[in-house]
Amino acid sequence: MFADWEAVIGLEVHVQLATRSKLFSGSSTAYGAEPNTQASPVDVALPGTLPVPNREAVRFAIRLGLAIDARIAPHSVYARKNYFYPDLPKGYQISQYEDPIVSAGRLAVRRDDGSEFVVPIQRAHLEEDAGKSVHDAFHGATGIDLNRAGTPLLEIVTEPALHGASDATAYLKTLHRLVRWLGVSDGNMQEGSFRCDANVSVRRRGDAKLGTRAEIKNVNSFRFVEKAIDYEIERQVRLLESGGSVVQETRLYDETRNQTRSMRSKESAHDYRYFPDPDLPPLAVTPADLERERAALPELPAARRARYVAELALGEAEADALTAERDTADYFDVVQRATNDARLSASWVIGELAAALNEHGTSVAQARVAAPAMGELLARVKDGTITAKSAKDVFAAMWAGEGTPDAIIAAKGLKRVSDDGALLAAIAGIVDANPTQVAQYRGGDDKVYTWLVGQVMKATRGKADPARVNELLRRTLDNS
Amino acid sequence: MHADPALIDHLARLSRLALDASDRERLANELPRVVALLDSLARASVEGVEPLAHPLELSVRLREDVVTEGDRSDELLALAGESQGGYYLVPRVID
């Protein structure tokens, strides 16, 4: 029954900008403070106060706009969006309506199977967040915390151009990585720094006209967005197939039941009566502002990924892992330049480093082995000073703060045994000590050979080059 | 413009105004005249005039991203009708 239908999805993401202070006041935006301790007279809307916009928030909006090839308006306009709710003390939210700062952008998204699609982005506008209502802590009353009131948000709105829940999620993940990469937001979904609303409608395949949409509000994980959209598509198709019609409304996703349900509809349909905010003249972005931001724009994740594959000959999976976070990619670049060996660097960053970060519950930025030190370590692997196996021990010692790679190699005596004499002596010892296994090998049992190599490696405490051990052991066993 | 009772009620609800019968009747007479006055603006010639969002031709001044405000919750909460545990209290609202 679904084959006859096409879903049409548009996404609105509210990204909390990583400024220190609020959009229109000098209050802190730090998360988790005691209620109302970060709400200034502007934020609580005392009469006579006036908003003054935050330059950094404007820069972040421009930066995101440039990263999605959007138009940045030379003049954009702050507008009042009027509605009554206790956590909105002014009775309006300052937003942008007719003339947003960012419009007509695009974001290329890779699906898991490697195919790509482009999501047209209608607009991104600056706006302030509302406060928080606490409904269940007070007897017969609602508590209001205005710490969040005035926090800068960038609302990023796609065209209704997505056609499935998995594409919607892929877009959200790509956008999430981008805002973190650009440093415009920490993207913390638990703390509400990246919130998604999805507009979902369905139409018969081939119809040009869009169906009536329902809006799913505030789903705070990628997995739940996907499930909520899937549920909503199915609900609408069933409704229409059985002769019903979709009502334009806001629906909430219930994670425990995996379904969307109608929010008790507000008294009247949305009627925000937007108008330009008389307190705020238009926001100007000069060509010089644009140039400054363009110059400061980092290499974007998609370009970095493509470069790793094309120029460094890394695999798709390695390139994906290295570009998941900008810190990881930057770390890798330092290591790669130090070693001039992309493969080796990638395998250590994705392997040993990631494992250590995971084990210690920390991030690349806080890694106890910094990128230049990792570069020095891998240089010792490359120039043959230590074996790859010893390098892991050196890495662990570096993580534990025992010093530089060279100091640790010297202190622990981990220098690779490259002297054939020492190796041959170790091999002779193993051959003498294990006559049975040697006899088995000579009798044609090749399986025991690996065991003998292991014994030599053990005797040299991992400091021998396995390839050389292999060569000398074969020669010893086959020639005597 | 025709100010029928449903429209008056809708506007009153959006504005959170409690109107009695006489307010409604007065508004039903006044509103169309106010709107007609404003509509006269639509007759002005705007040939070659750029849309204007603000009467003064300036752009907004921006501030640096610096925290300049501290905790004034005691003073501000004292202005509220009711507060408890650092929160402003309002009549119960549920979505």
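Refer to the preceding data block for the structure.
Quick notes on the rules
- Residues numbered from 1 in each chain as written.
- Chains lettered and ligands numbered in written order.
- Predicted model: local features only at pLDDT ≥ 70, side-chain atom pairs only at ≥ 80, totals over all residues.
- Heavy atoms only, no water.
- Helix = DSSP H or I, 4+ residues; strand = E, 2+ residues; numbered from the N terminus.
- Rg over C-alpha atoms; globule rule 2.2 N^0.38 Å.
- Areas by Shrake-Rupley, 256 points an atom, 1.4 Å probe, with all protein chains shown as cover.
- Lys, Arg positive; Asp, Glu negative; His and termini not counted.
- Charge placed at Lys NZ, Arg CZ, Asp CG, Glu CD.
- Buried < 20%, exposed > 50% of the residue type's maximum accessible area, 1.4 Å probe, protein only.
- Phe/Tyr/Trp six-rings, centres within 6.5 Å; stacked < 30°, edge-to-face > 60°.
- Pairing = 2+ DSSP bridges.
- Core = buried A, V, L, I, M, F, W, Y, C linked by side-chain atoms within 4.5 Å.
- Contact = heavy atoms within 4.5 Å.

(A) Highlighting the overall build of chain A. In terms of helices and strands, chain A carries 15 helices and 16 strands. Taking 480 residues into account, the globule formula puts the C-alpha radius of gyration at 23 Å, and chain A, at 30 Å, lies well above it. Total accessible area computed for chain A in this model is approximately 22100 Å², and 50% of it derives from carbon and sulfur atoms. Of note, chain A has its 59 positive side-chain charges centred 2 Å away from the centre of its 66 negative side-chain charges.

(B) Here's a closer look at the overall build of chain B. The number of helices and strands found in chain B is three helices and two strands. For 95 residues, the compact-globule estimate of 2.2 N^0.38 gives 12 Å, and chain B exceeds it by more than 25% at 22 Å. Its C-alpha atoms put chain B at 55 × 45 × 25 Å along the principal axes. With 95 residues in all, chain B has 19% of them scored as buried. As displayed, chain B offers around 7300 Å² of accessible surface, 55% of which is attributable to carbon and sulfur atoms. Each charge class in chain B was averaged separately, 10 positive and 18 negative side chains, and the resulting centres sit 4 Å apart.

(C) Highlighting the environment of A:G192. Residue and element names in this part refer to chain A. Looking at where G192 falls in the secondary structure, it is placed in the loop between α2 (165-182) and β11 (194-204). Owing to a relative accessible area of 13%, G192 belongs among the buried residues under this scheme. Placed 132 residues apart in sequence, G192 and F60 show a C-alpha to C-alpha distance of 18 Å.

(D) Representation of the packing of aromatic side chains in the model. Residue and element names in this part refer to chain A. Here the structure, examined in full by the defined rule, presents eleven aromatic pairs over all chains. When the ring of Y308 is compared with that of F332, the centres are 4.9 Å apart and the planes differ by 70°; the resulting orientation is edge-to-face. Here Y308, found in helix α5 (residues 301-310), pairs with F332, found in helix α7 (residues 326-339); they are 24 residues apart in sequence, far enough to count as distant. In this structure Y308 comes out as buried when scored by relative accessible area, which is 0%. Taking 6.0 Å as the distance between ring centres and 65° as the angle between the ring planes, the aromatic pair formed by W348 and F395 counts as edge-to-face.

(E) Region of interest: the pairing of strand β8 (residues 132-138) of chain A. Residue and element names in this part refer to chain A. Pairing between β8 and strand β9 (residues 141-145): four bridges, direction antiparallel. Looking at the pairing, K132 lines up with D145 of β9. Hairpin connection, β8 to β9: the antiparallel pair is bridged by two residues, and G140 has positive phi, about 65°.

(F) Spatial organisation of the nonpolar core. Residues and elements named next belong to chain A. Ranked by internal contacts, the top residues of the largest apolar core, which has 66 residues, are L11, I101, L126, I156, Y171 and I229. Take this core: its biggest share by element is nine residues, from α2. Sequence-distant contacts of L11, that is, excluding residues within four places in its chain, are made with I156, V157, T158, L162, A168, Y171, L172, C196, D197, A198 and I229. Of all hydrophobic cores here, the second largest spans 36 residues; its members include M374, I386, V394 and L414.

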